[in-house]
Amino acid sequence: MSQTTAPPPRAIFTRGLRKSFGDVLAVDDVDLDISPGEIVALLGPNGAGKTTLIDIILGLQSPDRGERMLCGLSPRDAIARGLVGALHQHGALLTDLRVGSLVRFVADTMETHRDLDELMVATGIEALARRRVGKCSGGEQQRIRLALALLSDPLFLFLDEPTVGMDVASRTAFWQIMDDEAQRGRTIVFATHYLTEAQQYAQRTIIMRSGRVIADGSTAQLAADYADSTLTLRCDATDTVARDALESASAGRPWHITVEGGMVTVRGNDLDDAARAGLALPGARDLSLTHSTIEDAYLALTTQTTL
Ligand SMILES: Nc1ncnc2c1ncn2[C@@H]1O[C@H](COP(=O)(O)OP(=O)(O)OP(=O)(O)O)[C@@H](O)[C@H]1O
């Protein structure tokens, strides 16, 4: 007898989410399916609706319409079961307490929590245990917020602009911690304006604009789909010979080829064949291939005047 098993619930599921504030449509018909263990960057210009969307998914705001579920549960039930951790950039901290006391204080409000010593080491705040929270730097306070967000050992972690104001070393250290946490199978959604963080740490990127999701896919694929890579090289062939060779190598792909005085430039995607054809030209030298980044795709998508 064949047995059918129901597919596991989506980590995050939304359908038709919509929220307006007066005339402002902050979230406009957003459908999301995020699987367990995905690391997702949420990008968009100021006012695109990222924070409102995260707040609705977390149950901090009610949508005007639409549904949202976390692991098949309502936000309230998911939070009650300790499945959700959230880190907001300006989340309030009790600044008079020492760091260790604050972590213990919050842990005491929970039925179960992670081992505190292990958590403080994992989030790099063990050396701060005896320091007053208010005396910690901005980057250190953000690591304290992260420790608190991870206390319940949540399945989901939502980070709203987690590294704003951090210097490069603190940011790198922060993402190293996040990387380790992701290895433990957490689903992580982070909103950021630092596009390199999306490029480096998110397998998937969602781009919002004016409340709508305008792009959603693998970070590498979005970079390739919405922005061009660039190949340049010099050669001794005549411009006509070089152009013909590259056009033949394009095999109909929409490359933008320019050749001027032996300088060849090809913009497009999937340029390996262009590189091969270019290197076969007489006197080929100085080849450089620059891949498109999520920043290029973001700029292309968010600066379009029409969608
Ligand atoms: N409580 C509120 N009352 C009125 N308008 C609001 C409220 N919250 C958000 N908005 C408006 O909704 C829109 C989306 O705001 P939201 O904070 O979600 O954007 P965001 O993408 O997170 O922006 P940022 O990158 O600047 O943080 C903005 O126009 C904002 O002014």
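Here the structure is a predicted model, which means the values were calculated and not measured.

## Comments concerning the overall build of the chain
Counting its regular elements, the chain contains 11 helices and 13 strands. In the chain, which comprises 307 residues, the proportion classed as buried is 47%. Long-range contacts, defined here as pairs at least 24 residues apart, represent 68% of the contacts in the chain between residues at least 6 apart. When the accessible area of the chain is evaluated, it comes to approximately 15,500 Å², of which 49% is carbon and sulfur surface. A gap of 6 Å separates the mean positions of the 30 positive and 40 negative side-chain charges of the chain.

## Here's the deal with helix H9 (residues 239–250)
In an α-helix, one full turn covers 3.6 residues, which means residues spaced three or four apart are oriented alike. Given a rise of 1.5 Å per residue, 12 residues ought to cover 16 Å, and the 16 Å separating the end C-alpha atoms of H9 matches this to within 8%. Every buried residue belonging to H9 is among Ala 242, Leu 246, Ala 249 and Ser 250, and all of these are buried. Projected down its long axis, H9 carries its buried residues within an arc of 105 degrees, all on one side. Those residues of H9 that are exposed and aimed more than 90 degrees away from the buried face are Thr 240 and Ser 248. Looking at the buried side of H9, the elements it contacts are strand S11 (256–260), strand S12 (263–268) and helix H10 (272–279).

## With respect to the side chain of Thr 302
Structurally, Thr 302 can be placed in helix H11 (residues 294–302). Relative accessible area serves as the criterion here: at 14%, Thr 302 is assigned to the buried category. Among the polar contacts made by the side chain of Thr 302, one reaches the main-chain carbonyl oxygen of Tyr 298 at a distance of 2.7 Å. Beyond its immediate chain neighbours, meaning those up to four positions away, Thr 302 contacts Pro 45, Ile 207, Arg 209 and Ile 214.

## Some details on the sheet that holds strand S1 (residues 12–21)
A sheet is described by the order of its strands in space; here 3 strands give the open sequence S2-S1-S4, paired in antiparallel fashion. The sheet terminates laterally at strand S2 (24–34) and strand S4 (65–70), the two strands that pair on one side only. Across this sheet, the average inter-strand angle for adjacent strands is 20 degrees, counted without regard to direction. As defined by bridge partners, S1 adjoins S2 across 8 bridges and the pair is classed as antiparallel. Counterpart to Lys 19 in the pairing with S2 is Val 27. The strands that helix H1 (residues 50–57) touches are S1, S2 and S4; relative to S1, the one it contacts most, it runs at about 125 degrees.

## Looking at a nonpolar patch on the surface
Taken together, Leu 279, Leu 287 and Leu 289 make up a surface patch of nonpolar side chains, about 240 Å² in accessible area. Here Leu 287 lies in strand S13 (residues 285–290). On the accessibility criterion, Leu 287 (35% relative accessible area) is partly exposed.

## Quick word on the site of the ligand
By nearness alone, 13 residues border the ligand, and Gly 47, Lys 50, Thr 51, Thr 52 and His 193 come closest of all. With respect to the ligand, the side chain of Asn 46 contributes an N or O atom lying 2.9 Å from an oxygen atom. Thr 52 has a polar side-chain atom sitting 2.5 Å from an oxygen atom of the ligand. Coverage of the ligand by the protein amounts to 60% of the 640 Å² it exposes when considered alone. Elements that contribute at least two residues to the shell around the ligand include exactly S2 and H1. If one sorts the elements of the shell around the ligand by residue count, H1 sits on top with 3 residues.

## Topic: the confidence of the model for the chain
Any region with low pLDDT has predicted coordinates that should not be read closely. Scored by pLDDT, the chain comes out at a mean of 90, with 95% of its residues at no less than 70. If you check the scores for this complex, the pTM reads 0.83 and the ipTM reads 0.97.

## Quick look at the packing of H9 against H10
Direction vectors running N to C along H9 and H10 enclose 150 degrees, while the axes themselves pass 9 Å from each other. In this view, H9 runs roughly antiparallel relative to H10, as classed from their interaxial angle. Seen from above, H9 lies across H10 with right-handed handedness. Contact with H9, carried on its side by Ala 245, Leu 246 and Ala 249, involves Asp 273, Ala 274 and Ala 277 of H10 and no other residues of that element. Residues that form the contact of H9 with H10 fall into these classes: 5 nonpolar, no polar and 1 charged.

Quick notes on the rules
Residues numbered from 1 in each chain as written. Predicted model: local features only at pLDDT ≥ 70, side-chain atom pairs only at ≥ 80, totals over all residues. Heavy atoms only, no water. Helix = DSSP H or I, 4+ residues; strand = E, 2+ residues; numbered from the N terminus. Buried < 20%, exposed > 50% of the residue type's maximum accessible area, 1.4 Å probe, protein only. Contact = heavy atoms within 4.5 Å. Areas by Shrake-Rupley, 256 points an atom, 1.4 Å probe, with all protein chains shown as cover. Lys, Arg positive; Asp, Glu negative; His and termini not counted. Charge placed at Lys NZ, Arg CZ, Asp CG, Glu CD. Expected span 1.5 Å × (residues − 1). Arc of directions from axis to C-beta. Polar contact = N/O pair within 3.5 Å; in protein donor to acceptor, adjacent residues only side chain to side chain. Pairing = 2+ DSSP bridges. Axes fitted to C-alpha atoms, helices over the stretch in contact; angles between N-to-C directions. Patch = residues over 30% accessible without salt bridge, like charges linked within 9 Å, V, L, I, M, F, W, Y side chains within 5 Å. Salt bridge = Lys/Arg side-chain N within 4 Å of Asp/Glu carboxyl O. Near = heavy atom within 4 Å. pLDDT = per-residue confidence, 0-100. Parallel < 35°, antiparallel > 145°, perpendicular 65-115°, else oblique. Left-handed = near helix turned anticlockwise from the far one by under 90°. Nonpolar A, V, L, I, M, F, W, Y, C, P; charged D, E, K, R; others polar.

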